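# Residue-level structure breakdown
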Amino acid sequence: MRTRRKFGRHFTIPASTANLNIVDRVPEPLNALVGMEIPDLRELLAGEPGYRAQQVYDALYGRRVTSVDEIRVLPAPLRSRLRDAAPLGLPGQDSVFLSADGTRRYLLRLADGKTVEAVFMPEEARDTLCISTQVGCPVDCRFCLTALMGLERNLTAGEIVGQVLHLARANHLWADARRINIVMMGMGEPLLNLPNVLKAVRILTASRGLGISPRRITVSTSGIIPKIAEMGQAEVRPRLAISLNASTEEQRRELMPITRKYHLNDLMAACRAYPLRTWEKLSFEYVLLRGVNDTDADARRLVRLLANINCKVNLIALNPGPGIQFETPDPDRVASFQAIVRKSAPCFLRKPRGRDIYAACGQLKRMTEEPPLVAIGG
Ligand code: SF4
């Protein structure tokens with residue numbers, strides 16, 4: 001680890017993940033208010049009474065202000081000082097695309113001009129926000145369009161929280177925040193940005209933060225084994241989902257080259273050792289690819305892999321897209337696969353959402369590089 005000094009504060013730069021043959025380009029974190037916890041705010045407000053930090057924290061997350069001027073509890077000179085010291089750091093909205101099924105796909109602009117995508121999926125019983133944790137992704141999953149971008153950089157904790165704030169405000173979700181469900185399954189491999197992801201989760205779940213239950217937040221990983229163990233030790237942590245997608249080592253190496261570094265058997269051992277809470281099951285995500293990993297034999301091997309793990313399985317029939325070499329399996333094949341797995345573990349078929357706007361799993365990639373879509377604002 002090393003530290004850099006900016007705006008009179010020290011920021012921690014995570015150690016490189018170069019041993020993964022992945023270039024983890026971590027930028028100088030932005031000194032934005034959104035993303036700060038109480039110790040950060042105390043440091044920023046050095047010389048002010050201690051309670052000022054809590055007042056700013058409550059305004060940022062409890063009242064979700066959109067400008068420092070709205071923090072009326074602070075004296076005007078302090079508001080002015082705060083404005084000069086740090087921007088609020090909420091993302092800008094470049095565009096939003098509306099699907100026939102109600103899904104909305106947002107292209108959000110960050111302070112340095114880079115863009116990420118986030119998706120809002122309204123459902124009967126809940127509203128799911130799929131958010132990004134990196135700009136692009138360094139993990140080269142063969143069935144994923146985001147992989148084609150490579151990694152540009154990690155998101156800060158504030159940029160992760162900012163996506164939730166933006167989508168929840170835009171879709172009036174704070175009226176009943178108990179419906180909010182967050183999945184970190186957008187752009188990026190969350191466990192390669194674990195410190196920022198966990199900091200964001202603390203802000204999202206804190207009772208004076210955004211107050212969202214950790215039961216309603218899921219982080220999905222391609223299988224970064226040491227980070228799985230590290231996340232298991234975190235005091236405040238979300239649910240964990242493993243993006244598995246294969247039933248043998250060879251098959252997984254082909255589909256997810258990260259398996260060359262983190263072998264399937266070791267991944268399953270890490271899953272068995274993961275400290276689940278009493279209310280929790282591990283989730284396994286399995287993208288079904290026609291003629292590749294969707295046979296009954298695959299389903300039976302998957303059942304054997306998951307033996308003795310308290311888990312559930314989410315099946316996703318591939319969402320095809322330009323640049324993806326695989327095809328979607330027939331519904332009969334999917335049903336047969338599900339029937340076999342279901343005998344051993346709860347097994348659900350995830351309904352594809354927002355296919356017409358390329359908002360489904362594995363389809364998040366810069367919209368400017370895609371066929372024209374129907375924008376509804378921006
Ligand atoms: S599936 Fe996830 S981990 Fe794999 S390349 Fe896409 S964004 Fe990265």
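Residues numbered from 1 in each chain as written. Predicted model: local features only at pLDDT ≥ 70, side-chain atom pairs only at ≥ 80, totals over all residues. Heavy atoms only, no water.

## Quick look at the site of the ligand
For the record, the criterion: Whether a residue is near a molecule or strand depends on its heavy atoms: if one lies within 4 Å, it is near. Only Asp, Glu, Lys and Arg are considered charged in this grouping, and only Ala, Val, Leu, Ile, Met, Phe, Trp, Tyr, Cys and Pro are considered nonpolar; every other residue, Gly among them, is considered polar.
All residues adjacent to the ligand are C137, V139, C141, C144, A147, G186 and G188. The class makeup of the residues in the shell around the ligand is 5 nonpolar, 2 polar and no charged.

## Observations concerning the environment of V287
This is how the line gets drawn: In DSSP terms, a helix is any run of H or I states spanning at least four residues, a strand is any run of E spanning at least two, and both are numbered starting from the N terminus. When checking whether two residues touch, look at their non-hydrogen atoms; a contact exists if any pair is within 4.5 Å.
Tracing the sequence through the fold places V287 in strand β12 (residues 282-288). Separated by 63 residues in the primary sequence, V287 and R350 place their C-alpha atoms 9.8 Å from one another. Apart from residues lying up to four places away in sequence, V287 is in contact with F143, N245, N293, I316 and L318.

## Let's talk about the side chain of S247
For clarity, the threshold we go by: N or O atoms closer than or at 3.5 Å make up a polar contact, with two conditions inside protein: a donor-capable atom paired with an acceptor-capable one, and, for residues adjacent in sequence, both atoms drawn from side chains.
By the element assignment, S247 lies in the loop between β11 (239-243) and α7 (249-255). Within the local environment of S247, its side chain forms a polar contact with the side chain of D298, the two groups lying 2.6 Å apart. Engagement of the side chain of S247 in a polar contact is seen with the side chain of R301, the distance being 3.0 Å. Ignoring anything within four residues of it in the chain, the contact list for S247 reads L264, Y286, D298, R301, L302 and L305.

## Some remarks on unusual backbone geometry
A negative phi angle is the norm for most residues apart from glycine, just as the trans form is the norm for most peptide bonds. To keep it simple, the criterion reads: Partly exposed describes any residue whose relative accessible area lies between the buried limit of under 20% and the exposed limit of over 50%, with all areas from a 1.4 Å probe on protein chains only and scaled to the type maximum.
Even without being a glycine, R64 presents a positive backbone phi close to 50°. Examined against the element boundaries, R64 turns out to sit in the loop between α2 (51-62) and α3 (76-85). You can call R64 partly exposed: its relative accessible area is 22%.

## Remarks on the packing of aromatic side chains
Worth spelling out the cut-off: Pairing of aromatic side chains requires ring centres within 6.5 Å, counting the rings of Phe and Tyr and the six-membered ring of Trp. Pairs whose planes differ by under 30 degrees are stacked, by over 60 edge-to-face, and all others tilted. Two thresholds decide whether a charge sits over a ring: the Lys NZ or Arg CZ must be within 6 Å of the ring centre and within 35 degrees of the ring normal.
Using the criterion set out here, one finds 2 aromatic pairs in the structure. Note on Y57 and Y61: the rings are 4.8 Å apart at their centroids and 70° apart in plane angle, and the pair reads as edge-to-face. On the criterion of helical spacing, the pair formed by Y57 and Y61 is a turn pair, its members being 4 residues apart in helix α2. Judged by relative accessible area, which is 6%, Y57 ranks as buried. Taking NZ or CZ as reference, R64 lies 4.2 Å from the ring centre of W174, over its face.

## As for helix α10 (residues 331-342)
Basically, it comes down to this: What a helix is expected to span follows from its residue count: subtract one and scale by 1.5 Å. Note that the arc is computed from the directions linking the helix axis to the C-beta atoms.
Here α10 contains 12 residues, and its C-alpha end-to-end distance of 16 Å stays within 8% of the 16 Å for a straight helix at 1.5 Å per residue. Residues of α10 that are buried include every one of V334, F337, Q338, I340 and V341, and no others. One side of α10 carries all its buried residues, which in axial view fall inside an arc of 160°. Opposite the buried face of α10, by more than 90 degrees, sit the exposed residues P331, D332 and R342. Looking at the buried side of α10, the elements it contacts are β12, α9 (296-305), β13 (311-317) and β14 (347-349).

## A few points about α2
Between its first and last C-alpha, α2 extends 15 Å over 12 residues, near the 16 Å set by a 1.5 Å rise per residue. For α2, the complete set of buried residues consists of R52, A53, Q55, V56, Y57, A59, L60 and Y61. Positive phi shows up at R64, right after α2, with a value of about 50°.

## Overview of the environment of G291
As for its position among the elements, G291 is in the loop between β12 and α9. Each C-alpha atom of the pair G291 and F326 lies 9.0 Å from the other, and the pair is 35 residues apart in sequence.

## What to know about the packing of helix α4 (residues 157-170) against helix α5 (residues 194-205)
We count it as follows: Axis lines are fitted to C-alpha atoms, over the contacting stretch for helices. Their N-to-C directions set the angle, which ranges from 0 to 180 degrees. Our angle categories are set so that under 35 degrees counts as roughly parallel, over 145 as roughly antiparallel, 65 to 115 as roughly perpendicular, and the remainder as oblique. If you view the pair so one helix is near and one far, a crossing is left-handed when the near helix is turned anticlockwise from the far one by less than a right angle, and right-handed when it is turned clockwise.
The geometry of α4 relative to α5 is characterised by a closest axis approach of 8 Å and an angle of 45° between their N-to-C directions. Comparing the axis directions of α4 and α5 gives the class oblique. In the packing of α4 onto α5, the handedness of the crossing is right-handed. Between α4 and α5, the contacting residues are A157, I160, V161 and V164 on the first element and N196, V197, K199, A200, I203 and L204 on the second. Along the lines of polarity and charge, the residues of the contact of α4 with α5 split into 8 nonpolar, 1 polar and 1 charged.

## Structural notes on the confidence of the model for the protein chain
Here is the rule: What pLDDT reports is the predictor's confidence in each residue, on a scale of 0 through 100.
Looking at the protein chain, the pLDDT average stands at 88 and 86% of residues meet or exceed 70. Across residues 1-29, where pLDDT falls below 50, the model places 57 contacts with residues more than four positions away in sequence or in other chains.

## Quick notes on the pattern of salt bridges
Between side chains of opposite charge, pairing is possible as soon as their charged atoms come close. Here is the rule we go by: What counts as a salt bridge is simple: a side-chain nitrogen of Lys or Arg found within 4 Å of a carboxyl oxygen of Asp or Glu.
Tallied over the full model, the rule gives 23 salt bridges. Of the charged contacts in the structure, one is a salt bridge between E280 and R237, with a shortest N-O distance of 3.9 Å. Residue E280 is located in the loop between α8 (264-273) and β12, and its partner R237 is located in the loop between α6 (225-232) and β11; the two are separated by 43 residues in the primary sequence. What makes E280 buried here is its relative accessible area of 1%.

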